[in-house]
There are 4 protein chains.
Amino acid sequence: MAEQEKLTFGVIGAGRIGRLHAQHLSQRIARADLLMVSDIDEEAAQQCAEACNGIRCSTDYHDILSDSDIDAVLICSSTDTHAQIIEEAAAAGKHIFCEKPIDHDLGKIDQALAAVEKAGVMLQVGFNRRFDANYRRVRQAVESGEIGEPHLMHIISRDPGPPPIEYIKVSGGIFLDMTIHDFDMARFLMGSEVEEVYAAGAVRVDPAIGDAGDLDTVMITLKFANGAIAVIDNSRKAVYGYDQRVEVFGSKGCISTANSYSNTATVQTQDEIRRDLPLNFFMDRYVDSYLDETEQFLQAVLTKSPVPVSGSDGRIPVVMARASRKSYEENRPVRMDEIE
Amino acid sequence: MAEQEKLTFGVIGAGRIGRLHAQHLSQRIARADLLMVSDIDEEAAQQCAEACNGIRCSTDYHDILSDSDIDAVLICSSTDTHAQIIEEAAAAGKHIFCEKPIDHDLGKIDQALAAVEKAGVMLQVGFNRRFDANYRRVRQAVESGEIGEPHLMHIISRDPGPPPIEYIKVSGGIFLDMTIHDFDMARFLMGSEVEEVYAAGAVRVDPAIGDAGDLDTVMITLKFANGAIAVIDNSRKAVYGYDQRVEVFGSKGCISTANSYSNTATVQTQDEIRRDLPLNFFMDRYVDSYLDETEQFLQAVLTKSPVPVSGSDGRIPVVMARASRKSYEENRPVRMDEIE
Amino acid sequence: MAEQEKLTFGVIGAGRIGRLHAQHLSQRIARADLLMVSDIDEEAAQQCAEACNGIRCSTDYHDILSDSDIDAVLICSSTDTHAQIIEEAAAAGKHIFCEKPIDHDLGKIDQALAAVEKAGVMLQVGFNRRFDANYRRVRQAVESGEIGEPHLMHIISRDPGPPPIEYIKVSGGIFLDMTIHDFDMARFLMGSEVEEVYAAGAVRVDPAIGDAGDLDTVMITLKFANGAIAVIDNSRKAVYGYDQRVEVFGSKGCISTANSYSNTATVQTQDEIRRDLPLNFFMDRYVDSYLDETEQFLQAVLTKSPVPVSGSDGRIPVVMARASRKSYEENRPVRMDEIE
Amino acid sequence: MAEQEKLTFGVIGAGRIGRLHAQHLSQRIARADLLMVSDIDEEAAQQCAEACNGIRCSTDYHDILSDSDIDAVLICSSTDTHAQIIEEAAAAGKHIFCEKPIDHDLGKIDQALAAVEKAGVMLQVGFNRRFDANYRRVRQAVESGEIGEPHLMHIISRDPGPPPIEYIKVSGGIFLDMTIHDFDMARFLMGSEVEEVYAAGAVRVDPAIGDAGDLDTVMITLKFANGAIAVIDNSRKAVYGYDQRVEVFGSKGCISTANSYSNTATVQTQDEIRRDLPLNFFMDRYVDSYLDETEQFLQAVLTKSPVPVSGSDGRIPVVMARASRKSYEENRPVRMDEIE
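Since the structure is predicted, the reported quantities are computational estimates derived from the model, not experimental observations.

What counts, and at which threshold
- Residues numbered from 1 in each chain as written.
- Chains lettered and ligands numbered in written order.
- Predicted model: local features only at pLDDT ≥ 70, side-chain atom pairs only at ≥ 80, totals over all residues.
- Heavy atoms only, no water.
- Contact = heavy atoms within 4.5 Å.
- Buried area = accessible area lost by both parts, 1.4 Å probe.
- Salt bridge = Lys/Arg side-chain N within 4 Å of Asp/Glu carboxyl O.
- Polar contact = N/O pair within 3.5 Å; in protein donor to acceptor, adjacent residues only side chain to side chain.
- Helix = DSSP H or I, 4+ residues; strand = E, 2+ residues; numbered from the N terminus.
- Buried < 20%, exposed > 50% of the residue type's maximum accessible area, 1.4 Å probe, protein only.
- Nonpolar A, V, L, I, M, F, W, Y, C, P; charged D, E, K, R; others polar.
- Pairing = 2+ DSSP bridges.
- Axes fitted to C-alpha atoms, helices over the stretch in contact; angles between N-to-C directions.
- Expected span 1.5 Å × (residues − 1).
- Least-squares fit on C-alpha atoms with pLDDT ≥ 70 in both.
- Left-handed = near helix turned anticlockwise from the far one by under 90°.
- Phe/Tyr/Trp six-rings, centres within 6.5 Å; stacked < 30°, edge-to-face > 60°.

Colleague: Could you give me a rundown of the interface of chain A and chain C, with the residues and numbers involved?
Modeller: On the chain C side, the residues contacting the 43 residues of chain A number 43 residues. Carbon and sulfur atoms make up 61% of the area that chain A and chain C hide from each other, which totals about 3,100 Å². Remark: the boundary between chain A and chain C carries four salt bridges. Linking Glu 247 of chain A and Arg 245 of chain C is a salt bridge whose minimum nitrogen-to-oxygen distance equals 2.8 Å. At the junction of chain A with chain C, the criterion picks out 18 residue pairs in polar contact (both at pLDDT 80 or more).

Colleague: A description of the environment of Gln 46 of chain C should follow, citing residues and the corresponding values.
Modeller: Residue and element names in this part refer to chain C. Inspection of the secondary structure puts Gln 46 in helix α2 (residues 42–51). A relative accessible area of 38% means that Gln 46 is categorised as partly exposed. Measuring from C-alpha to C-alpha, the distance between Gln 46 and Cys 57 comes to 6.1 Å, with eleven residues separating the pair along the chain.

Colleague: A description of the interface of chain B and chain A should follow, citing residues and the corresponding values.
Modeller: Taken together, the 16 residues of chain B in the interface contact 16 residues of chain A. A combined buried area of about 1,200 Å² lies between chain B and chain A, and 58% of that area is made up of carbon and sulfur atoms. Along the contact surface separating chain B from chain A lie two residue pairs in polar contact (both at pLDDT 80 or more). If you tally residues by element for the side of chain B that touches chain A, the top one is strand β14 (residues 273–275) of chain B, at three residues. Of the residues in the side of chain B that touches chain A, the class split is six nonpolar, four polar and six charged. The pairing of strand β14 (residues 273–275) of chain A with β14 of chain B spans three bridges and is classified as antiparallel. Paired with Arg 274 of chain A across the strands is Arg 274 of chain B, a residue of β14 of chain B.

Colleague: Can you break down unusual backbone geometry residue by residue, with the values?
Modeller: The omega angle of the peptide bond from Lys 100 of chain A to Pro 101 of chain A is -15°, so this bond is cis rather than trans. Residue position: Pro 101 of chain A is located in the loop between β5 (95–98) and α5 (106–119). The backbone of Lys 304 of chain A shows a phi angle near 55°, a positive value even though the residue is not glycine. You can call Lys 304 of chain A exposed: its relative accessible area is 64%. Here the phi dihedral of Asn 53 of chain B falls at roughly 60°; this positive angle occurs in a residue that is not glycine. Mapped onto the elements of the fold, Asn 53 of chain B is located in the loop between α2 (42–51) and β3 (56–58). For Asn 53 of chain B, a relative accessible area of 62% gives the class exposed.

Colleague: Quick one: what's the story with the sheet that holds strand β1 (residues 7–12) of chain B, residue by residue and with numbers?
Modeller: All names here are of chain B. Taken together, the six strands give an open sheet; going across it, the order is β3-β2-β1-β4-β5-β6, and neighbouring strands pair in parallel fashion. Edge strands, defined here as strands with exactly one partner in the open sheet, are β3 and β6 (123–125). This sheet shows a mean twist of 20° between the axes of neighbouring strands, independent of strand direction. Two strands pair when backbone bridges link them, and strand β5 (residues 95–98) and β6 are joined in this way by three bridges, in the parallel orientation. From the neighbouring strand, Phe 97 faces β6, where its bridge partner is Gln 124. Contacting β1, β4 (72–75), β5 and β6, helix α4 (residues 79–91) runs over the sheet at an angle of about 165° to β5.

Colleague: Explain helix α9 (residues 179–190) of chain A to me, using residue names and the numbers behind them.
Modeller: Residues and elements named next belong to chain A. Taking 1.5 Å of rise per residue, twelve residues should cover 16 Å, and α9 covers 16 Å from first to last C-alpha, within 8% of that figure. Extensive coverage of α9 is indicated by the burial of twelve of its twelve residues. Taken as a whole, α9 has its buried residues at Thr 179, Ile 180, His 181, Asp 182, Phe 183, Asp 184, Met 185, Ala 186, Arg 187, Phe 188, Leu 189 and Met 190. Taken from the residues just after α9, Gly 191 is the one with a positive phi, measuring 65°.

Colleague: Give a detailed account of the relation of the copies chain B and chain A, specifying residues and quantitative values.
Modeller: When chain B is fitted to chain A, the best match, at an RMSD of 0.0 Å, comes from turning it 180° and sliding it 0.0 Å along the axis. Here the transformation between the copies is reduced to the relation of a two-fold axis. Of the C-alpha atoms belonging to chain B, the one lying closest to the rotation axis is found on Arg 274 of chain B, 2.0 Å away. With an isologous cut-off of 70% or more, the 100% of interface residues of chain B that recur at the interface of chain A puts this contact in the isologous class.

Colleague: I'd like a description of the packing of helix α9 (residues 179–190) of chain D against helix α13 (residues 311–330) of chain D, backed by residues and values.
Modeller: All names here are of chain D. Running from N to C, α9 and α13 point in directions that differ by 115°, and their axes come no closer than 9 Å. Our pair here, α9 against α13, has a crossing hand that is right-handed. Each of Ile 180, Phe 183, Asp 184 and Arg 187 in α9 lies in contact with α13, whose residues at this interface are Asp 313, Ile 316, Pro 317, Val 318, Met 320, Ala 321 and Ser 324. The class makeup of the residues in the contact of α9 with α13 is seven nonpolar, one polar and three charged.

Colleague: Account for the relation of the copies chain A and chain C, naming residues and giving values.
Modeller: Aligned on chain C, chain A shows an RMSD of 0.0 Å; the corresponding rotation is 180° and the shift along the axis is 0.0 Å. In this assembly the copies share their binding face: 100% of the residues contributing to the interface of chain A also contribute to that of chain C.

Colleague: Describe the packing of aromatic side chains, naming the residues involved and giving the relevant values.
Modeller: This model, assessed by the stated rule, comprises 30 aromatic pairs over all chains. Relative to Phe 249 of chain D, the ring of Tyr 240 of chain B lies with its centre 6.2 Å away and its plane at 80°, an arrangement referred to as edge-to-face. On the criterion of chain membership, the pair formed by Tyr 240 of chain B in the loop between β10 (229–235) and β11 (243–250) and Phe 249 of chain D in strand β11 (residues 243–250) is interchain, its members lying in two chains. The class for Tyr 240 of chain B is buried, based on a relative accessible area of 1%.

Structure follows, in structure tokens:
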């Protein structure tokens, strides 16, 4: 592959994220060739394939895995299928980009990561927010020492509205489904590992979420190996839209991000000064980051460099989520090594 | 007076601004002793005197001028009386602080300034905005070279609502009544004299203002001796409140000010992101600057140093206002030396 | 006192805060008459008295308590003297305004509050931030339902730099000395009582603070009776200055405050866009709130209305501070009723 | 063409803007088929064609005009060739998208527009900023009455740096080369025609620009038929980057836009509060608007609807530029009908 200039792809799962990735691969990433898309829903697979210059499609992802022309797969199917497909794709010698989370079960994750290692293929996990310009700027400030040694951090991450209760029931819970992104962000921004978590939580948005055994409002304290302390603030429903901000405070200063907006206009009237609401959800807010993470995966594979988000980066947030759930249930701080 | 540590004052005119100055002199400026207040309205004089620890009051300002215990007068009476009182106060050997404008008539201004010079007393004109923290910061940026050589400037100055038509009729017109502050601000911020003006104007707020022969909406272009170009944007009615901002753009950067607010809170709802309106009018917005200008007048008199806003600083904006009116009427650029 | 229009005061303690209160009482609050000031340091007492129109002074606060012309006292002496002076002042029939905290010892607080109750005098505690325009606006948003039911809150409160180590050693620790203001703010903004706290803390600013047995960096989780969850973020050293912000997130929206600045100017250069640092410390940032709390105390006494910050409001934050320290030491959530 | 679902394109001119349009047509606009690209520079044409999936290329745009498979052309060649190519393309029955300005010579423009009308093809002019989200939001506020009747407007449009002097010499001057965009913006935002202009100008950035007979710093007053007054503020060099803002003030309020940035982060240090500079030039700042204008052209052609920016919209700003130059040279207001 030393001489190879393009990478060929198959996309497994043609849901919302799968279609986005397929479109990026077929139209916006010059060195990518998308050859096939699969989905268990035949119509979804066909529509996606058609939108991507009429490539091949299938209802069986094994058609992708067995196609020797395909170098790499993007796994965008439902979470419960990730670990199994990773194992099979690794065995088939495909490089793998897998949407988050790898799985809810640490045992399955470990088995999948072992298969990847054994096969010698590359695996990147889809923590796309790392590639967002705002968070990259914060990471840069921490890494470069622009704000000195980090002491305190706030991660605010609120969704515009909760998913359907049916989804909540199979989601693995707010920590595994929603906070998982923020657990990754916490590690990424801080450049240090979390040693202990304390999760306070409540059902404030919808009692049905509580009935389903889940929480919709959480505030999680994280203690890092480097001595810093952080909180993650999650709500399933911010009526004003998708609220995604961070602040890192350190010995030499503080860096804070604001939300992103469709326009910068401010209107002043006799009643108030106002602006329009922020970009409403992740497909708008983070669209550039999805493109960028895929380009960096492609670059890593073509140059045989380390991927920017490893299998281990995919595993640790699941440990953090499990520790947070345990902390909430037992109302006490829980150390990471109690889980692992 | 070399050994003098306090300055004694009389306030002439107990209207809104007169009362504010009287209160500052009696309560907030340690080295000032307010001894008397006068107003042609006896009740106004009495109320003001009472609010100031029960000092003396009079309906005749000559009682102040003839009181040998009084070092300095603050002239806060109606504009048409300023020039006459300045002359008399100068003849009585009082130092003078006079509210803006000195007069609408350049001949009267010149006569008053001559009287001041002959008497050897000090005269400061009440362009209080020069003492506002925002404008001082802009002036500092221009003066220190922080933004390099100034090239372009915007002065935005909009009132929350027009004064009564009766006032408009005797106001001397928008250029002498309202823009006069911005003419002073333009010279102050730029540190250079205006050579030519071009005034575009319209009646957009209230036809009655037009019937009274005045304008309510103007945009005035200023060309400065230093080569910079500025515009002043005035409206008699900004429904959202008092709008007072400037921007100076130069070879090394740009400095812009925002409005001032009673609080910094931002509210996000499902409809919009909003904040409360700015401080509503000059008594709220510029209150600190009124205190500061008086303290600096006192300091200048006690130390025999130049006042920060001279008689000439009071005269030039009147010339600019007259040139602007001429420019509007003849729809052409008018040079300052056409007026003087 | 029904006919009384003025209230007479004595100020006990002429340190930084005492001098500020004395100046407000003598110069800026029309219905207040400051008659005497005391301080164990004779020079401090004299200087303060002189600055306040030459009123009487003493090195013994009993001279104030025994003066029958004095209606009310402001206790601004060191914290360890508060409880004792409250008891004596109450016995002398004086109304009492006492700087925070009342004491570090709950027993002493209870004894002082009992004395106040027995004497039938009024007691207000100096949590001045409640009177700040920003926090009042947030409280209004919560109280009026503008943001719906509150779910989550962040209180950020960082000092520009730590006090001297000698002070730290007798301060009672960061929770009693610094967070005490934020504990009060949390109750005030939320309009609900805290039931449980979890305090994470570290020594990140100066090891000498740790050697003195104290922390300089803390993040405290609060669970409220109304179901909301909050965090308080404290640091002894924000290099960019005094950082005082809050955000309350609720079912119908979110309200956030920003810092306060000496000017609103923004400068753009070839390197960056910048503005000047925020108002640097509490004497600048909260000066209006000190004036306002005293005026409201005076108003409450003159009209025999409830004071805005009661003795109980002074006691509860001390309980919260003690619970936080216990939580930190035992690394577990601590319920308020474990302390009381 | 009623049944047609796709539109076929040729791009004439493979410079910076031509390459951007070609890339959008070939990769990001689903209903567009880019078939050929031409440039007098063979290498430029080849590189562009290759980047667009290896389509055909030519050094002679007549190859595009004579290709009966091509429905529409995008004219991105140098300005002096626009009018001629428009005429030929119209004669060849192609729909035309032409970059701004159509020409510097009103006679040539009229001839080209006549040819378009005669041929019955559609012509859209490339004023891309109309499609920017910020300006669309402002237009919406004016059109919907959100800010009432417009009274005053500021358009600020400053480039990060001047083009080479060689370019300046053939550019037609700042009014035709740079302000042309703002003239269009003024008409677009206001929804009213300009009746008179007054242009103040100076050479402040580089004396060589003056030696070339041009200006680099201008402030232009516009009077509109609807009674509103506006200023356009242009500088060839803003050291902090591309500065693109507008403010429209009306009877019911005011709308203002801010610049666009690559990230929203704010950094606070012991020296200042700062953020990174705005997006640096039009390819970054307006990239989405280029995509959007092309999509709307395609939509207009496919649905036989009016194009959003007509030939007349291309002509009027040239008249405004000529009037501004005349105004500057004669230092007097110039009416549009003096030019036409």
